[in-house]
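Residue-level structure breakdown
So you can see what is in the structure, the chains are spelled out below.
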Amino acid sequence: MATVIFSLKKIEAVLEIARKDPQGFLGDLARDPFRALQGSGIDLSQGETIAIVDIVKGSSLSLLAPRLTDLRTLWADILADNPVSDRPAQPLRAAAAAGAR
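Here's what I pulled together on the structure shown here. (Residues numbered from 1 in each chain as written. Predicted model: local features only at pLDDT ≥ 70, side-chain atom pairs only at ≥ 80, totals over all residues. Heavy atoms only, no water.)

It is worth spelling out the pattern of salt bridges at this point. If you walk through the whole model with that rule in mind, you get six salt bridges. As a salt-bridge pair, Glu16 and Arg19 come within 3.1 Å of each other at their nearest N and O atoms. You can see Glu16 and its partner Arg19 sitting in helix α1 (residues 2-20), three residues apart, about one turn around the helix. Ionic pairing is found between Asp28 and Arg31, a salt bridge with its closest N-O pair at 3.4 Å. Linking Asp28 with Arg31, this pair stays in helix α2 (residues 25-31), spanning three residues, or about one helical turn. Overlapping salt bridges bring together Glu16, Arg19 and Asp81 as one network. (Salt bridge = Lys/Arg side-chain N within 4 Å of Asp/Glu carboxyl O. Helix = DSSP H or I, 4+ residues; strand = E, 2+ residues; numbered from the N terminus.)

Another point: the nonpolar core. Of all hydrophobic cores here, the largest spans 21 residues; its most connected members are Leu15, Leu29, Ile52 and Leu71. If you tally residues by element for this core, the top one is α1, at five residues. Here Leu29 is in contact with Leu15, Ala18, Ala36, Leu37, Ile52, Val56 and Trp75, once residues within four sequence places are set aside. (Core = buried A, V, L, I, M, F, W, Y, C linked by side-chain atoms within 4.5 Å. Buried < 20%, exposed > 50% of the residue type's maximum accessible area, 1.4 Å probe, protein only. Contact = heavy atoms within 4.5 Å.)

Following this line, the structure appears as structure tokens:
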């Protein structure tokens, strides 16, 4: 039981990190959660990673799925506060060059 609670706290922390970086990690997490988590360097177990993918994608594949209700609500609140485009963010140089034309 303590391990489950610890995992839920870690998942909540990842979502809060995403909330604090709406231009970077949040967008990456929303577009491709598995790749974003793999590249983040955040120490997550396989089950925690799958649970975060479940939250982001609205699926229920993880063993933690029945306990993710509050975290799904948190994710929905984060997205409501910070709308995320489906398009990858343009690098600043490319955006500046496009604007200069």
